[in-house]
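Below, each chain spelled out in residue letters.
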Amino acid sequence: MDSRQTKRDRPWLMRTYSGHSSARASNALYRTNLAKGQTGLSVAFDLPTQTGYDADNPLARGEVGKVGVPISHIEDMDQLFDQIPLDQMNTAMTINATAPWLLSLYIGLAQRRGIDPGQLSGTTQNDIIKEYLSRGTYIYPPGPSMRLIADTITYTIKHVPKWNPTNICSYHLQEAGATPVQELAYALCAAMAVLDRVQASGEIKTDEFSQVVERISFFVNAGIRFVEECCKLRAFGEMWDELTLGRYRVDDPKLRRFRYGVQVNSLGLTEPQPENNVQRIVLEMLAVVLSKGARARAIQLPAWNEAMGLPRPWDQQWALRMQQVMAFETDLLEYEDILDGSPVIAAKVKQLVEGARKEIANVEAQGGIIAAIESGYVKRELVASHMQRLRAIESGELKIIGVNCFQESAESPLTLGSDGGIMKTDPSAEREQIERLQAHRKNRNDADVQAALQGLSDAAKSGENIMPSSIRCAMAGVSTGEWGDSLRAVFGEFRPPTGIDIAIDNRAVLGKKDEVTELRARVASTGAAVGRPLKLLVGKPGLDGHSNGAEQVAVKARDVGFEVVYDGIRLTPQEIAQAAEEEGVHMVGLSILSGSHMELVTSVLEELRARDLATVPVIAGGIIPQEDAKKLAAQGVSAVYTPKDFNLNTIMADMVDVIREANGLARLGPLP
Amino acid sequence: MVWRGWVRCPDHQMTPAALPDPEQLALRILRRERAAVARGLNLLDNKLAEARQCSVRLLAALSGEHSLNGGHLIGITGPPGAGKSSLVSAMIREWRRAGRTVGVLAVDPSSRPELGGGALLGDRIRIKNAAHDEGLFIRSLANRNQLGGVATEVWPMSWLMLAAFDIVVVETVGVGQTEIDIAEIGDTVCYVAQPASGDTIQYLKSGIIEIPDIFAVNKSDLGAAAYKTAGEIGRSASRQDRRDDWDYPVCLVSATMNTGITELHGNFDRHRSFLAHAGLLQKLRTRHQSAWVVRVLKEEFGTFGVELIGGYAEIGKRLEAQYGNQFEECERMRQQIISRFKSSD
Ligand code: B12
Ligand SMILES: Nc1nc2c(ncn2[C@@H]2O[C@H](COP(=O)(O)OP(=O)(O)OP(=O)(O)O)[C@@H](O)[C@H]2O)c(=O)[nH]1
Ligand SMILES: [Mg+2]
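Residues numbered from 1 in each chain as written. Chains lettered and ligands numbered in written order. Predicted model: local features only at pLDDT ≥ 70, side-chain atom pairs only at ≥ 80, totals over all residues. Heavy atoms only, no water.

**Regarding the coordination of the magnesium ion (ligand 3)**
Residues and elements named next belong to chain B. Within the protein, the magnesium ion (ligand 3) binds to Ser85 (OG), Asp123 (OD) and Glu171 (OE); these donor distances fall in the range 2.1 to 2.3 Å. Sequence positions of the donors to the magnesium ion (ligand 3) reduce to the motif S-x37-D-x47-E. Placement of the pair is Asp123 in the loop between β4 (119-121) and α6 (124-127) and Glu171 in strand β6 (residues 167-171), with a sequence separation of 48 residues. Residues Asp123 and Glu171 agree in their burial class; the two are buried. (Donors = N, O, S within 2.8 Å, 3.2 Å for Na, K, Ca; no water. Helix = DSSP H or I, 4+ residues; strand = E, 2+ residues; numbered from the N terminus. Buried < 20%, exposed > 50% of the residue type's maximum accessible area, 1.4 Å probe, protein only.)

**Regarding the nonpolar core**
Counting 174 residues, the largest nonpolar core has A:Met77, A:Phe81, A:Phe218, A:Trp240 and A:Phe562 as its most contacted members. A per-element tally of this core places helix α8 (residues 180-201) of chain A first, with 13 residues. Shared between two domains, this core takes at least three residues from each, and those domains are domain 1 (13-405) and domain 2 (506-662) of chain A. The contact partners of A:Phe562, leaving out residues within four places of it in the chain, are A:Val523, A:Leu534, A:Leu536, A:Ala557, A:Met652, A:Met655, A:Val656, A:Ile659, B:Gly118 and B:Ala119. Judged by nonpolar contacts, the second largest core, of 49 residues, contains B:Phe165, B:Val170, B:Phe301 and B:Cys330. (Core = buried A, V, L, I, M, F, W, Y, C linked by side-chain atoms within 4.5 Å. Domains from an automatic or database assignment. Contact = heavy atoms within 4.5 Å.)

**Observations concerning the pairing of strand β14 (residues 618-622) of chain A**
Residue and element names in this part refer to chain A. Most of β14 is tucked away: 5 of the 5 residues are buried. The two faces of β14 match: Val618, Ala620 and Gly622 on one face and Ile619 and Gly621 on the other face are all buried. Judged from the 5 bridges that link them, strand β13 (residues 587-592) and β14 form a sheet pairing that is parallel. Residue pairing for β14: Val588 is matched across the bridge by Val618. Each parallel crossover has a hand, and the one from β13 via helix α23 (residues 597-610) to β14 is right-handed. Across 3 bridges, the pairing between β14 and strand β15 (residues 639-641) is parallel. (Pairing = 2+ DSSP bridges. Right-handed = clockwise from strand over helix to strand, strands pointing away.)

**Remarks on the interface of chain A and chain B**
On the side of chain B, 43 residues touch chain A, which itself brings 64 residues to the contact. The largest share of the area that chain A buries against chain B comes from A:Arg532, A:Glu563 and A:Glu582, three residues that together contribute 14% of it. Our count for the chain A to chain B interface comes out at 7 salt bridges. Of the charged contacts, one joins B:Arg144 and A:Glu563 as a salt bridge, the two residues approaching to 2.8 Å between their closest N and O atoms. At the surface where chain A touches chain B, the tally comes to 16 residue pairs in polar contact (both at pLDDT 80 or more). Elements with a contribution of two residues or more to the side of chain A that touches chain B: α20 (513-530), α21 (548-559), β12 (563-566), α22 (573-583), α24 (626-635), β15 and α25 (648-662) of chain A. A total of 7 residues in the side of chain A that touches chain B trace back to one element, the largest contributor, which is α22(A). Taken together, the residues of the side of chain A that touches chain B sort by class into 28 nonpolar, 15 polar and 21 charged. (Buried area = accessible area lost by both parts, 1.4 Å probe. Salt bridge = Lys/Arg side-chain N within 4 Å of Asp/Glu carboxyl O. Polar contact = N/O pair within 3.5 Å; in protein donor to acceptor, adjacent residues only side chain to side chain. Nonpolar A, V, L, I, M, F, W, Y, C, P; charged D, E, K, R; others polar.)

**Let's talk about the domain arrangement of chain B**
Residues and elements named next belong to chain B. Along its sequence, chain B is organised into domain 1 (1-62), domain 2 (70-277) and domain 3 (280-345). Taken together, the contact between domain 2 and domain 3 spans 23 residues of the former and 13 residues of the latter. For the pair domain 2 and domain 3, the summed buried area comes to about 1,500 Å², and 59% of that belongs to carbon and sulfur atoms. Inspection of the region where domain 2 meets domain 3 yields 1 salt bridge. Put simply, Arg285 and Asp187 hold a salt bridge, and the shortest N to O gap is 2.6 Å. Where domain 2 meets domain 3, there are 7 residue pairs in polar contact (both at pLDDT 80 or more). Those elements that place two or more of their residues in the side of domain 2 that touches domain 3 are β2 (72-77), α7 (154-164) and α10 (261-277). By residue number, the principal contributor to the side of domain 2 that touches domain 3 is α7, which donates 4 residues.

**Considering the domain arrangement of chain A**
A common way to report how large an interface is uses the accessible area buried once the components associate. Residues and elements named next belong to chain A. Parsing chain A into structural domains produces domain 1 (13-405) and domain 2 (506-662). Contacts between the two partners involve 35 residues from domain 1, matched on the other side by 32 residues from domain 2. The contact between domain 1 and domain 2 buries some 2,700 Å² in all, and 55% of this surface belongs to carbon and sulfur atoms. On the domain 1 side of the interface with domain 2, the three residues burying the most area are Glu271, Arg391 and Glu394, jointly 25% of the side's total. Here domain 1 is connected to domain 2 by 5 salt bridges. In this structure, Glu551 engages Lys379 in a salt bridge whose closest nitrogen and oxygen atoms are separated by 2.9 Å. Across the contact surface, domain 1 and domain 2 share 16 residue pairs in polar contact (both at pLDDT 80 or more). A class-by-class count of the residues in the side of domain 1 that touches domain 2 yields 17 nonpolar, 9 polar and 9 charged.

If you want it as structure tokens, here you go:
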């Protein structure tokens, strides 16, 4: 058959999640990506912007422009979208706690350019629930946070009708270890929490509520078990249809469609033999395009060098080309749903649906997802699932090519370049952003700013919708930190449970039992030799929210006999050093994945020295390039671990030896 | 790949043998130096023989009028998740506002010895409310599988902290009977219950748990259930073992909404003055100290060991003569038992 005559479906939106250094640099990148055939924008913001701090806040040190673009005020937003027509662009923003603010800047910019906000289309991620559970850029307690989400929804329904105000994310849950059933259950619970909150606000008339339901879209993950993942998406569709009809009485089936975007699994992408990630990414994409009835609306793919560092433009281009080959070269888009009618698929879907229903009932019985987050239940479930995954990798039961099997490899030409195969962000970005911000502060009208901030604070207190006053702030030149702080003053801040307080499961999960027994003996005898049980502080300095590694190291350390202190993410180097002092630990283990390890580890070392704790050994783990590891060692860091060190037992044995060495005891060497 | 750079070679003595001079350390602790407090707590936790000698000297040097009559040692207990840490956090806010310094010992359970005996110490995150506060010091401690929920290290550590902070709070998890021990530590014991704590009420009714000086029913923001629980607790507490002239208040509080905290705060102060006026404070602390000595000896040597130096009655008599500081006497008794053990084989 001649494919040119066949009617093809329209492909999904193709995006590349990007942003770095500055608004100007990111704008240039966006325009090149658009020229390459990308059909939408997906903005990555830096961590200070995501957590509501100005670039010159001490907490932002080392993070400005690192993992995304810094947006401090409306002029930055203007520069980010320079020469990009807002009314024709579909813009996805990965922004959560500060979503109402970034959306206000976008709307404010449109107004300034004479564009009717009614023309704007795009998405703000705006899902706080998965921030508490996985992503880590929360600010305020659950109550006020859910209200901010409801405010953006009710506002956009009325004034920016083409906007997707919230994107319920299961993506991040899988990245924190969730199984398909957990992903389904917790995402649907989150969607219910949001819809119930909007309903409770009384802002939306009953007959208009189906419009709200229709605007809820999802952001989903797809892992390497692509058959199961494909079934998961069909399960999502079924369950959403049932839920929106049953619970929210949406009669029109079109409004009950499960609309979702995807980023495929990145947790399973490896540092060793990174070229294998390309196959993984393509197979994972298959899960979300294969079944027409459950096909993704938008896709963004990670790059082959995901576990090494940030992608360069060429790496991102490669990822985009994968999508294009799938959409334009294969015959995929010529068919109706090719899985309909398969009994095997139907049975798997049914199994997932039943599992998810049971877990949803379980959460509901605990008072809903918010209560189950506050109690720590959901986070513990995720940490436990992730622990099981790592144990399976350690034991070899779960095979990861190039990591725990088929490790031999010829030298890869991909990583040979002088840049080490990753993107280096502009080291002067932070200083320049600060200068820009400080100049901006001088140029604006202070009276306008104060009045706008007062309006914001009043709205926060009175319960009036936060959007109009936020847009006023945007137009007046208020900064991201000022917006964040104003609401902090009214709402307070929140630290969710860490979830590491899971039971020791001595049956299947401990991996190689004899190694664990040996480790316990080593930890105990070393403790006896130094006079008291070994005590470890696991610290997450800076704004980095990647908690998986820290959690798993903490849990494993406890399992082999350490007394472990772990206070969660986003602590300052000063707080970490103070905890090390107060707790009298034998070792400080830092986990940093955001790329700010040089600044942060150095600060922690300084703070420790200032407290006369220079003899306490410090180790670090995370996404740390080899050359940086050497520099850190020169500063006094005892050991550095990266994703290649997947075997936690090996790490534990090494940690015991680091402590022994620091205490004048002989090393015990590798595990037998 | 594990990359190791042994740059900070242990060229000089970094061994634990480098023990501090206890009398010097005591002076620094009394001057409220944080680093000294930390060092002192590490020392008290150290089980090496030379460290023990050092610890006894440190405790002796810290003992004085203040350790019997100064400060306020508060025990907080209650079932897991009742909100003990959150409540301690809310209390600390009040104390800090009033300019009082606070030391906290937070005790968490250890896993069973055959499972490695490790522990996750998770209270700091709930207790701390300011990023940086020089007037607050939190040390987490694992109970290390000792019966009774409170590690034997807690008493000497509390003693040390009393020398450096205005208020010392010990948080322990209490399930059923195991919170009894906190009653042998705190000047004031506060039991934190949450709504629908059927267990607590049962324990109270059957007299399994001793009546705490103050009851806090937390999570009152959850509404009616909390009020009901508070009412039931008030009615359930048996009357026999009550102290005269103390009213055993039951407070409804919410740590998250910060309600009822001022009242609870007031009750702590009131109980402290009650003890002081009734002349009970130093008696109580002396009694607690003796209980600790007996426990340490019993745990280390068993009843047989205790008999070797004449049994509990004899120990009691010897301690009575040591008003104020019984740590040295305790160490003497240890040595005697050890030497008798040795001579008997
Ligand atoms: C999972 C993941 C996430 C999850 C995190 C979930 C969570 N709660 O942890 C989610 C989806 C939320 C996420 C979000 C983001 N991510 Co991310 N993420 C990853 C990913 C795919 C895996 C990390 C992981 O969890 N691995 C599993 C754990 C067990 O491994 P690990 O942490 O490396 O730990 C091992 C060792 O490193 C070591 N170790 C680590 N710490 C410690 C500590 C001690 C004491 C010891 C002894 C050992 C040790 O031991 C562990 C065992 O092997 C990596 C890429 C990759 N494949 O590595 C990107 C990656 C880390 N993310 C990245 C980015 C940019 C982000 C975002 C900032 C994007 C944005 N602009 O918004 C956000 C924001 C997150 C935030 N708040 O900071 C970048 C960082 C870039 C850089 N360093 O230059 C990476 C490298 C991806 C990339 N190439 O762009 N991410
Ligand atoms: N609704 C409500 N929740 C509370 C209150 N106080 C604490 N909590 C919640 O109860 C949970 C447990 O709080 P913690 O303070 O850690 O309780 P704890 O008794 O110290 O717990 P453990 O030390 O683990 O035994 C957390 O999720 C708190 O957010 C309160 O006043 N109201
Ligand atoms: Mg607690």
